[in-house]
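Letter by letter, the chains look like this.
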Amino acid sequence: MEVETMQKIVEVLPDKSALIERSLEVVLTKMQAAIAQRGIATIALAGGGTPKPLYEKLAEQDLPWEKIHVFWGDERYVPADHPDSNEGMARRAWLDKVPLPPANIHPIPTGATDPADAAAQHEAELQAFFKLSAGTFPAFDIILLGIGDDGHTASLFPHTDALQVRDRLITVGNKDGQPRITFTATLINHAYTALFLVAGASKRPALDHIFAPDDDTLYPARLIQPQGELWWLLDQAAGAELDQ
Ligand code: 6PG
């Protein structure tokens with residue numbers, strides 16, 4: 001897999017709606033380029049609140065849905081109909097409103113008693129989908145990400161074992177004792193494009209650490225150094241004082 005060396009793009013948009021508009025442009029451009037080059041586009045979604053309006057705008061697009069495959073970069077360990085489910089949020093905001101073939105939607109399983117079994121199951125699903133040989137990693141066309149106030153991304157939380165897992169695609173995350181299923185930093189770093197969407201002043205302290213040349217505290221989002229393009233789209237409230 002040949003991808004360009006990492007290119008970092010940082011844009012600060014005037015407000016959240018401009019951030020969402022810009023993220024829509026980037027996502028559409030990347031998906032259309034992927035389809036043109038490889039016949040399909042693979043996108044992994046972020047959870048949380050920031051990306052929801054982006055998903056709502058994607059639901060208004062006229063796209064070759066049969067060529068688009070949707071995954072999640074992480075998932076809370078709850079059923080899809082649980083209010084905390086990232087899958088449920090994306091289905092309500094977007095996926096249930098467009099004619100995506102059901103086989104093109106690849107949710108993270110959360111039904112196994114042991115979350116480690118769910119992680120292994122999803123890893124096997126990805127290996128089959130991307131036709132991977134053992135020990136190799138797929139390059140998602142786009143992986144959408146957010147950051148928490150603590151600098152976590154996906155479900156890679158500070159001081160958790162998930163940060164050390166580098167030889168797997170999928171692992172079990174841990175948020176305050178609650179299990180999550182998450183892409184590993186290694187999988188994210190194989191992406192053609194990793195795209196962070198960050199809004200709100202509460203994210204400034206974490207961003208300062210993440211963007212610092214070096215930092216003694218490990219803010220997990222610092223681990224995201226994709227082989228392809230690294231995009232940071234920030235609203236003014238989050239990114240105004242950033243020394244890029
Ligand atoms: C999740 C997300 C998580 C999210 C950040 C930011 O499952 O919660 O994947 O990594 O991106 O917590 O969440 P907000 O967008 O709600 O600030």
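The notes below deal with the structure included here.

## Digging into the overall build of the protein chain
- The helix and strand inventory of the protein chain stands at seven helices and nine strands.
- Taken over the C-alpha trace, the protein chain has a radius of gyration of 17 Å; the compact-globule value for 244 residues is 18 Å, and the two agree within 12%.
- When its C-alpha atoms are laid out on the principal axes, the protein chain stretches across 45 × 40 × 40 Å.
- For the protein chain, long-range pairs separated by at least 24 residues make up 78% of all intrachain contacts whose partners lie at least 6 apart in sequence.
- Total accessible area on the protein chain stands at roughly 10600 Å², and carbon and sulfur atoms take up 49% of it.
- Charged side chains in the protein chain number 20 positive and 34 negative. The centres of these two groups are separated by 3 Å.

## Regarding helix α4 (residues 115-129)
- Over its 15 residues, α4 runs 21 Å from end to end, which matches the ideal 21 Å to within 8%, given 1.5 Å per residue.
- The inward-facing, buried residues of α4 contact β3 (68-72), β6 (170-175), β7 (178-183) and α5 (185-188).
- Where α4 begins, one side-chain oxygen reaches toward the backbone nitrogen of A116, 2.8 Å away; that side chain belongs to D114.
- Of the residues one or two after α4, K131 is the one with positive phi, at around 55°.

## Describing helix α3 (residues 86-93)
- Among the eight residues that make up α3, six are buried, leaving the element largely enclosed by the rest of the structure.
- Buried within α3 are the following residues: N86, E87, G88, M89, A90 and A93.
- Along its buried surface, α3 packs onto β2 (41-45), α2 (52-58), β3 and β4 (74-76).
- For α3, the N-terminal capping position is held by S85, with its side-chain oxygen 3.2 Å away from the main-chain nitrogen of E87.

## Side note on the site of the ligand
- In the vicinity of the ligand there are 14 residues, among which G49, T50, D74, A154 and K203 approach most closely.
- Here an oxygen atom of the ligand sits 2.7 Å away from a polar atom, N or O, in the side chain of D74.
- With respect to the ligand, the side chain of H152 contributes an N or O atom lying 2.8 Å from an oxygen atom.
- Contact with the protein chains hides 85% of the accessible area of the ligand, taken as 410 Å² for the molecule alone.
- Split into classes, the residues belonging to the shell around the ligand amount to two nonpolar, eight polar and four charged.

## Some words on the sheet that holds β7
- What the three strands build is an open sheet, ordered β4-β7-β6; its pairing is antiparallel. Bordering the open sheet on either side are β4 and β6, each of which pairs with just one other strand. The average angle at which neighbouring strand axes cross in this sheet is 25°, direction not considered.
- The pairing of β6 with β7 spans six bridges and is antiparallel.

## Brief notes about the pattern of salt bridges
- Overall, the coordinates contain nine salt bridges when judged by the stated rule.
- Of the charged contacts in the structure, one is a salt bridge between D74 and R180, with a shortest N-O distance of 3.7 Å. With a gap of 106 residues between them, D74 in strand β4 and R180 in strand β7 connect regions that are remote in the sequence.
- Where R91 meets E87, a salt bridge forms, and the shortest distance between an N and an O atom there is 2.7 Å. Taken as a pair, R91 and E87 lie in helix α3 at a separation of four residues, close to a single helical turn.

## What to know about unusual backbone geometry
- With phi around 55°, K131 is a residue other than glycine that occupies positive phi space.
- Looking at the secondary structure, you find K131 in the loop between α4 and β5 (142-145).

Conventions used here
- Residues numbered from 1 in each chain as written.
- Predicted model: local features only at pLDDT ≥ 70, side-chain atom pairs only at ≥ 80, totals over all residues.
- Heavy atoms only, no water.
- Helix = DSSP H or I, 4+ residues; strand = E, 2+ residues; numbered from the N terminus.
- Rg over C-alpha atoms; globule rule 2.2 N^0.38 Å.
- Contact = heavy atoms within 4.5 Å.
- Areas by Shrake-Rupley, 256 points an atom, 1.4 Å probe, with all protein chains shown as cover.
- Lys, Arg positive; Asp, Glu negative; His and termini not counted.
- Charge placed at Lys NZ, Arg CZ, Asp CG, Glu CD.
- Expected span 1.5 Å × (residues − 1).
- Polar contact = N/O pair within 3.5 Å; in protein donor to acceptor, adjacent residues only side chain to side chain.
- Buried < 20%, exposed > 50% of the residue type's maximum accessible area, 1.4 Å probe, protein only.
- Near = heavy atom within 4 Å.
- Nonpolar A, V, L, I, M, F, W, Y, C, P; charged D, E, K, R; others polar.
- Pairing = 2+ DSSP bridges.
- Axes fitted to C-alpha atoms, helices over the stretch in contact; angles between N-to-C directions.
- Salt bridge = Lys/Arg side-chain N within 4 Å of Asp/Glu carboxyl O.

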